[in-house]
Amino acid sequence: MVVVLVDLLTGAGLPWLPLMAAGPALAATTNGPRGVLCVGLLAAALCAALSTVYTVPGREPVAVLSAVLAVTAASALASELRGRRERVLAAVRSVAEAAQHALLKPVPETVGPFQVAVRYSAAAAEARIGGDLYALVPTPHGVRLIVGDVRGKGLPAVSTAALVLGVFREAAYDEPDLLAVVGRIERSLARNLGPDDFVTAVVVGCPRPGELEVVNCGHAPPLLITEAGEVEPVEPVRPAPPLGLRALSGEHPELHLLPFAEGDQLLLYTDGVTEARDHAREFYPLAEGVARHVSDEPARTLSAVHADLLAHVGGRLHDDAALLLLRKSIEEPAGNEPEETDHAPDAGRGVVPVRSEAVPVAASCRGGR
């Protein structure tokens, strides 16, 4: 219609008519083949009408009309191909969402005496999943969780993450010792990974009230946020290699016992957060960001930190990033403290047997199946 209006105002005649082909070409970007054909036929009809008005002689009107019809046919075909690609992409995204829910199962907001929140961003936004992993499992031995980062990206990293999570969820129920859980994962990776592949991870357990067990395998140290708002990194007792590399170094991880009082919070994350850079190539200061946005609601805290992180990098992360925040929120009821025999160590290790269901969940770190 703009071309027709300009042509009528200027009286130029034929020179403006080839621009009619812009109509069906632009329609192909947003419309289906039927809409493109309608716009093309309208453009062809207007070309014929204007040629009659100006009585353009010779074969020139036929050539212009043929060009408009050819562009219309090509645009209709392009529109159909675009629609097919969009349908395929929608199907792939639905499969990716199903895979994400199967691999990274949603974490409940409350597990026993804990409030939990998770934020996950894959570097490939269309894929929805990547090489970072997390899981939280209530077991007979207490609530246990893992946050890890697989070396590499793409489908191989997703496959390794699925392997780690599958072994962790199984071992977390079977093994009363947290180091035994880590050992199960290590042995599985040693059988299935290549010589250059590995997984960094932090495994956390809560076998008894007021205390956490932390095993760090080459991962970034978690951040302990006290009730007073102080943020401190939880450094490992002794540096340990990532999962899958123990045979090369001979080093074994150690169990770190961490006091965890009511109101304390523990933030586990992957290097996609701390290695995110702004335009000046400065890393994101996670500890400072957490100190600015910490609150009594883990979901609100992580939402603010995640928004701050995206603002720092300019809107899009270039690596997978995972954040998991655990907060002790329920006060231990008086008179429900477990007997000493329930937590008697086995040969110097913190092996905790299954407790009776008569003990309230809020009185301990244990969660039901």
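Residues numbered from 1 in each chain as written. Predicted model: local features only at pLDDT ≥ 70, side-chain atom pairs only at ≥ 80, totals over all residues. Heavy atoms only, no water.

Visitor: Got a minute to help me understand the packing of aromatic side chains in this structure?
Guide: Aromatic rings considered in pairs are described by the distance between their centres and by the relative angle of their planes. Summed over the entire model, instances satisfying the criterion amount to two aromatic pairs. Seen in terms of ring centroids, Phe-114 and Phe-260 are 6.2 Å apart; in terms of plane orientation they differ by 45°. Their pairing is tilted. Residue Phe-114 is located in strand S2 (residues 114-121), and its partner Phe-260 is located in the loop between strand S9 (256-259) and strand S10 (265-269); the two are separated by 146 residues in the primary sequence. Taken as a pair, Phe-114 and Phe-260 share a single burial class, namely buried. On the basis of an interplanar angle of 55° and a centroid distance of 6.1 Å, the ring pair of Tyr-120 and Tyr-134 is categorised as tilted. Taken together, the residues Tyr-120 in strand S2 and Tyr-134 in strand S3 (residues 132-139) connect sequence positions 14 residues apart. The class of Tyr-120 is buried, set by a relative accessible area of 16%. (Phe/Tyr/Trp six-rings, centres within 6.5 Å; stacked < 30°, edge-to-face > 60°. Helix = DSSP H or I, 4+ residues; strand = E, 2+ residues; numbered from the N terminus. Buried < 20%, exposed > 50% of the residue type's maximum accessible area, 1.4 Å probe, protein only.)

Visitor: It is not clear to me how the pairing of S10 should be interpreted in this structure. Could you clarify?
Guide: It is a general feature of regular strands that their side chains alternate between the two faces of the sheet. Most of S10 is tucked away: five of the five residues are buried. Sheet topology places strand S7 (residues 223-225) next to S10; three bridges connect them, and they run antiparallel. From the neighbouring strand, Leu-224 faces S10, where its bridge partner is Leu-266. Inspection of the sheet shows S10 paired to strand S11 (residues 321-328) by five bridges, in the antiparallel sense. Counted as the bridge partner of Leu-267 is Leu-325 from S11. (Pairing = 2+ DSSP bridges.)

Visitor: Quick question: what am I supposed to make of the sheet that holds S7 here?
Guide: Sheet strands associate in pairs through backbone hydrogen bonding, adopting either a parallel or an antiparallel arrangement. The six strands lie next to each other as S1-S2-S11-S10-S7-S8, forming an open sheet whose pairing is antiparallel. Of all strands in the sheet, those bounded by a partner on one side alone are strand S1 (110-111) and strand S8 (231-233). For S7 and S8, the ladder comprises three bridges, and the chain directions are antiparallel. In the strand pairing of S8, Ile-225 is matched with Val-231. The sheet contacts of helix H9 (residues 286-293) involve S7, S8, S10 and S11, and relative to S7 the element is tilted by about 20°. Relative to the sheet, helix H10 (residues 298-313) contacts S2, S10 and S11, its axis offset from that of S2 by approximately 25°. (Contact = heavy atoms within 4.5 Å. Axes fitted to C-alpha atoms, helices over the stretch in contact; angles between N-to-C directions.)

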